[in-house]
Amino acid sequence: MTGRPILEIKNLVKQFHDEMAAEQGNILDGVDFTMYSGEFVCILGPSGCGKSTFLRCIGGFESYEGTILVNGQKVERPGTDRIMVFQEFGQLLPWKSVEKNVQYPLKVRGLRDKAKLQEISDTYLEKVDMLAYKKFYPHQLSGGMKQRTAIARALALSPEIVLMDEPFASLDAMSRNNLQSELYKIHQRENVSVIFITHNIQEAICLGTRILVMSKDGKIKMDIRNPLVKPVTPASPNYGEMWDKLHSALYEMTEE
Amino acid sequence: MRRKLLHQGLFVVFVLLIWQIVYKWKLFPTLMFPSLADIGQAFFDGFVKEELGQMVMYSLSLLLRGFIIGMSLAFLLSGLSIMNKVFGDIYSMLVSMCDLIPGVALIPLAILWMGIGEETIILIVVHSIIWPMSRSIMDGFSSVPKLYKEVGRNIGLNQFSILLGIYFPAAFAHVLSGIKVGWARAWRGLISAEMIFGTTSSGAGIGWFIFMKRTNVDIAGVFAALLVIVAIGIVVEYVVFRFVEKHTIRKWGIGK
Ligand SMILES: Nc1ncnc2c1ncn2[C@@H]1O[C@H](COP(=O)(O)OP(=O)(O)OP(=O)(O)O)[C@@H](O)[C@H]1O
Ligand SMILES: [Mg+2]
């Protein structure tokens with residue numbers, strides 16, 4: 001099901017130009033990465049290694065050196081073809097109710113039909129189990145509920161690439177499992193490509209068709225296909241092997 | 001809320017009582033210190049026998065026109081300063097400088113340059129509100145979280161629509177406090193201008209009423225006019241502003 005290259009990154013270098021920059025050196029140091037349409041890429045890596053920065057560069061939120069091409073177009077600014085679900089909770093617009101938060105980007109895109117807007121927002125809020133709260137305002141929601149709404153907002157736009165920065169980190173195990181399977185279904189059905197940052201090895205194995213491990217020095221240390229057949233459970237064949245491989249890659253790094 | 005109103009109400013009754021006692025004991029000459037009944041009578045006469053009602057309407061119409069012009073300009077110019085760095089730098093300096101000049105101090109100049117028409121009074125009103133409002137709006141704009149702006153750019157808002165779609169609502173608490181300050185300043189600017197101008201070709205306002213009453217040593221009349229000013233202020237504060245607050249920043253759970 002994977003097809004044409006949708007995202008091509010060559011020799012990506014990122015440095016923050018502030019007083020700390022010299023100390024920090026390159027946050028991303030010559031990253032090469034090609035993603036094919038329909039892939040579900042999970043990124044693992046120790047805290048502070050530059051995962052969010054990598055995602056933000058792809059999203060067009062940061063200046064960078066090197067090339068990032070989306071469908072052959074150089075990334076210079078954010079766009080609706082790459083929708084970001086940020087790591088922070090405060091990404092919903094507080095002056096809009098849950099459903100208006102989901103509808104607003106669609107309106108911006110030019111969809112005016114009220115019934116259609118309602119239908120789309122209901123559909124996606126249902127998927128993230130937020131339909132009952134559609135009239136709530138963000139300040140009335142818990143952190144996890146906010147993240148779920150942000151996911152609905154991103155998916156409702158049906159972008160080509162969804163960029164997700166630890167979207168499930170704040171959820172309990174049950175809603176996490178539900179959302180993982182919902183997300184995977186949406187990915188399958190709508191053939192949307194996903195880049196998904198997580199700290200959780202199991203989550204990476206369950207969701208990813210491909211898994212990257214980033215190292216502290218801002219490089220991609222490991223880039224492997226995930227051959228496990230979905231839905232993955234810890235009982236799936238080769239699960240343990242995969243887990244060990246990723247775990248040792250991560251663990252080695254923290255040792256260094 | 002009830003409690004607060006009760007306390008405030010009791011305080012007003014208390015002050016009125018003291019007033020009446022001071023009057024009864026003749027601590028001051030009656031000419032300078034009228035009884036509550038005199039003030040009430042003057043209030044009544046002002047509206048029924050004299051043209052206080054018309055004058056109030058005239059003042060309000062000037063105020064409203066100046067307010068709308070000043071507010072629109074403040075929005076426009078503050079918006080421009082967000083969109084253009086150079087303009088922003090210059091405008092914020094201009095705001096700091098002009099905000100220091102009291103409206104009354106401009107009246108001699110305004111009269112010399114523009115004569116004593118309505119436009120001159122409106123100009124004074126505009127001057128009294130445009131600078132404090134611009135200050136609040138720009139403060140508000142510069143404290144808009146980066147995340148909202150990124151979300152706005154991500155969902156495809158352009159430079160102009162991001163101003164209306166993100167900056168304005170996100171800064172609404174500041175905008176509102178700017179409107180409050182602007183409203184109070186505008187009232188003061190207006191009354192001072194009216195007192196100095198007397199009547200313009202098209203009508204006379206409350207300021208003029210006060211001035212006339214003073215000339216005739218009708219102190220009860222002066223108090224009646226002050227009462228009108230306070231009453232209008234209270235209605236705007238407790239009815240209009242409260243209403244707007246309830247349906248915006250309180251509903252959204254944002255505040256300064
Ligand atoms: N705006 C910034 N200015 C300067 N340095 C930054 C900025 N944002 C991130 N950094 C630095 O870049 C490095 C990588 O940060 P990043 O947020 O990408 O890490 P991460 O891999 O997402 O970590 P986590 O898993 O904890 O979210 C950190 O060392 C951080 O200090
Ligand atoms: Mg991060």
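Quick summary incoming for the structure in this document. For clarity, every value in this text was computed on a predicted model and none was experimentally measured.

**Here's the deal with helix α4 (residues 85-98) of chain B**
In an α-helix, one full turn covers 3.6 residues, which means residues spaced three or four apart are oriented alike. Residues and elements named next belong to chain B. Here α4 contains 14 residues, and its C-alpha end-to-end distance of 20 Å stays within 8% of the 20 Å for a straight helix at 1.5 Å per residue. Buried residues of α4: Gly88, Tyr91, Val95 and Cys98, and no others. All buried residues of α4 lie within an arc of 105 degrees about the axis, which places them on one face of the element. The exposed set on the far side of α4, more than 90 degrees from its buried face, consists of Lys85 and Val86. In this fold, the buried residues of α4 make contact with α3 (52-83) and α6 (118-142). You can read the cap of α4 off the contacts: a side-chain oxygen lies 2.9 Å from the backbone nitrogen of Val86, and it is on Asn84.

**Notes on the state of the cysteines**
Here is the idea: a disulfide is a covalent bond, and it sits between the sulfur atoms of two cysteines. Residue and element names in this part refer to chain A. Per the stated rule, a full pass over the model turns up zero disulfides over all chains. With no disulfide of its own, Cys42 lies 9.3 Å from the sulfur of Cys206, the closest cysteine sulfur. Exposure remark for Cys206: the relative accessible area of 12% places this residue in the buried category.

**Considerations on the layout of surface pockets**
Of the voids in this model, the largest pocket is the one considered here, and its volume is about 500 Å³. In terms of lining residues, the largest pocket is bounded by 15 residues, among which Val12, Val15, Leu16, Leu227 and Val230 of chain B are the most central. At the level of secondary structure, the elements contributing two or more residues to the lining of the largest pocket comprise α1 (2-24), α2 (36-48) and α11 (219-247) of chain B. Among the elements that line the lining of the largest pocket, the one with the most residues is α1 of chain B, at seven residues. Class assignment of the residues belonging to the lining of the largest pocket gives a composition of 13 nonpolar, two polar and no charged. Lining the second largest pocket we find 13 residues, and of these Gln180, Ser181, Cys206, Pro231 and Val232 of chain A sit closest to its centre.

**Brief notes about the pattern of salt bridges**
Under the defined criterion, the tally for this structure stands at 25 salt bridges over all chains. The partner of Arg56 of chain A in a salt bridge is Glu62 of chain A, and the shortest N-O contact between them spans 2.7 Å. When the shortest N-O distance is used, the salt bridge between Glu150 of chain B and Lys146 of chain B registers 3.9 Å. Taken together, the positions of Glu150 of chain B and Lys146 of chain B, both in helix α7 (residues 146-154) and four residues apart, correspond to about one turn of that helix.

**Considering the pairing of strand β8 (residues 193-197) of chain A**
Residues and elements named next belong to chain A. Of all five residues in β8, five are buried; the element is thus mostly enclosed. In β8, alternate side chains face the same way, and those of Ser193, Ile195 and Ile197 on one face and Val194 and Phe196 on the other are all buried. Pairing of strand β3 (residues 40-44) with β8 involves four bridges; the strand directions are parallel. In the sheet register, Phe40 faces β8, and the bridge partner there is Val194. The sheet contact formed by strand β7 (residues 161-165) and β8 spans five bridges and is parallel. Residue Val162 lies in a different strand from β8, and its bridge partner there is Val194. A crossover connection joins β7 to the parallel β8 through helix α6 (residues 173-190); in handedness this β-α-β unit is right-handed.

Thresholds applied
- Residues numbered from 1 in each chain as written.
- Chains lettered and ligands numbered in written order.
- Predicted model: local features only at pLDDT ≥ 70, side-chain atom pairs only at ≥ 80, totals over all residues.
- Heavy atoms only, no water.
- Helix = DSSP H or I, 4+ residues; strand = E, 2+ residues; numbered from the N terminus.
- Expected span 1.5 Å × (residues − 1).
- Buried < 20%, exposed > 50% of the residue type's maximum accessible area, 1.4 Å probe, protein only.
- Arc of directions from axis to C-beta.
- Contact = heavy atoms within 4.5 Å.
- Polar contact = N/O pair within 3.5 Å; in protein donor to acceptor, adjacent residues only side chain to side chain.
- Disulfide = S-S within 2.5 Å.
- 1 Å grid on protein atoms, 1.4 Å probe; cavity = no way out; pocket = protein on both sides within 12 Å on 5 of 7 lines; lining within 4 Å.
- Points joined across faces, edges and corners; volume = space filled by probe spheres on them.
- Nonpolar A, V, L, I, M, F, W, Y, C, P; charged D, E, K, R; others polar.
- Salt bridge = Lys/Arg side-chain N within 4 Å of Asp/Glu carboxyl O.
- Pairing = 2+ DSSP bridges.
- Right-handed = clockwise from strand over helix to strand, strands pointing away.

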